[in-house]
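Structural overview for review
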Amino acid sequence: MAKATAVSDIERAEHLNYGDGAGVKRVSIYNDGSQVNAATEAKQDEIINSNYPSGTGSNGTVTLTDADTAYAVPASAPTSNYIITLYNGSDTDMYIGYDNSNTNGIPLQSGDSARAKFGANQRLYAYCGSAGKILTYSIKEI
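Residues numbered from 1 in each chain as written. Predicted model: local features only at pLDDT ≥ 70, side-chain atom pairs only at ≥ 80, totals over all residues. Heavy atoms only, no water.

Examining the overall build of the protein chain
Check the secondary structure of the protein chain and you find two helices and ten strands. Ordering the α and β elements of the protein chain from the N terminus gives α-β-β-α-β-β-β-β-β-β-β-β. In the protein chain, which comprises 142 residues, the share counted as buried stands at 27%. Long-range pairs, those at least 24 residues apart, make up 71% of the contacts in the protein chain between residues at least 6 apart in sequence. Carbon and sulfur atoms make up 47% of the accessible area of the protein chain, which amounts to about 9000 Å² in all. (Helix = DSSP H or I, 4+ residues; strand = E, 2+ residues; numbered from the N terminus. Buried < 20%, exposed > 50% of the residue type's maximum accessible area, 1.4 Å probe, protein only. Contact = heavy atoms within 4.5 Å. Areas by Shrake-Rupley, 256 points an atom, 1.4 Å probe, with all protein chains shown as cover.)

Take a look at the structure:
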């Protein structure tokens, strides 16, 4: 039998349970004896790291001191890929975007949060129609 090319082929694979002294393992094999490998080890690591980042983390705030002025979040971008979570705990809607501008941002309403993935040295900007509002963020490198 040829290696799987469709879900139905994988469903027809047999399963083998064996013990190695440390516990029972389960392996799926085709009728020809070859092992079913649904994902490579590298792909598995990629999936795990994207769902459970293992890099350095940090928290911070950015005060939007002046009304209608864009501020970088964070002020200095991480040098590796990262996930950022933003929280608008103020009483006023804010706007976030990828441009150092106070126009065309995506609304981040009072009490809302947003999450995004960024590449190394990239950052976003936030602005608000009212001065002195604080945007809280959390960063996790991936």
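Description of the pattern of salt bridges
Pairing of side chains with opposite charge becomes possible as their charged atoms draw close. This structure, assessed with the given rule, holds one salt bridge. As a salt-bridge pair, Lys-133 and Asp-91 come within 2.6 Å of each other at their nearest N and O atoms. With Lys-133 in strand β10 (residues 133-141) and Asp-91 in the loop between β5 (82-88) and β6 (94-97), this pair connects stretches of sequence that are 42 residues apart. For Asp-91, a relative accessible area of 62% corresponds to the exposed category. (Salt bridge = Lys/Arg side-chain N within 4 Å of Asp/Glu carboxyl O.)

Description of the packing of aromatic side chains
Here the distance between the centres and the angle between the planes together describe a pair of aromatic rings. Under the counting rule described, the total for this entry stands at three aromatic pairs. Ring centres of Tyr-82 and Phe-118 lie 5.6 Å apart, and the angle between their planes is 20°; on these two criteria the pair is classed as stacked. Of this pair, Tyr-82 sits in strand β5 while Phe-118 is found in strand β8 (residues 113-118), placing the two residues 36 residues apart along the sequence. Of the two residues examined, Tyr-82 and Phe-118, each falls in the buried class. (Phe/Tyr/Trp six-rings, centres within 6.5 Å; stacked < 30°, edge-to-face > 60°.)

A look at the nonpolar core
Ranked by size, the top nonpolar core spans 17 residues in total, and within it Leu-64, Val-73, Ile-84, Leu-86, Leu-124, Leu-135 and Tyr-137 carry the most contacts. Those residues in contact with Leu-86 that lie beyond four places of it in its chain are Val-73, Ile-96, Leu-108, Asp-112, Ser-113, Ala-114, Leu-124, Leu-135, Thr-136 and Tyr-137. (Core = buried A, V, L, I, M, F, W, Y, C linked by side-chain atoms within 4.5 Å.)

Examining the pairing of β6
As paired elements, β6 and strand β7 (residues 106-108) share three bridges and run antiparallel to each other. Opposite Met-94, over in β7, you have Leu-108 as the bridge partner. (Pairing = 2+ DSSP bridges.)

Concerning the environment of Leu-124
Along the chain, Leu-124 falls in strand β9 (residues 124-128). Residue Leu-124 is classed as buried on the basis of its relative accessible area of 4%. Taking the C-alpha atoms as reference, Leu-124 lies 6.9 Å from Ile-96; in sequence the two are 28 residues apart. In this view, Leu-124 contacts Tyr-71, Ala-72, Val-73, Ile-84, Leu-86, Ile-96, Gly-97, Tyr-98 and Phe-118; residues no more than four positions away in its chain are not counted.

Examining the sheet that holds β8
Pairing in this open sheet of four strands is antiparallel, and the strands run β3-β10-β5-β8 from one edge to the other. Each having just a single partner strand, β3 (57-64) and β8 make up the two edges of the open sheet. Here the strands of the sheet are splayed against their neighbours by 20° on average, with no regard to which way each runs. As paired strands, β5 and β10 are joined by seven bridges and run antiparallel to one another. Counted as the bridge partner of Asn-88 is Leu-135 from β10. (Axes fitted to C-alpha atoms, helices over the stretch in contact; angles between N-to-C directions.)

Read these as spatial facts, not as claims about activity.
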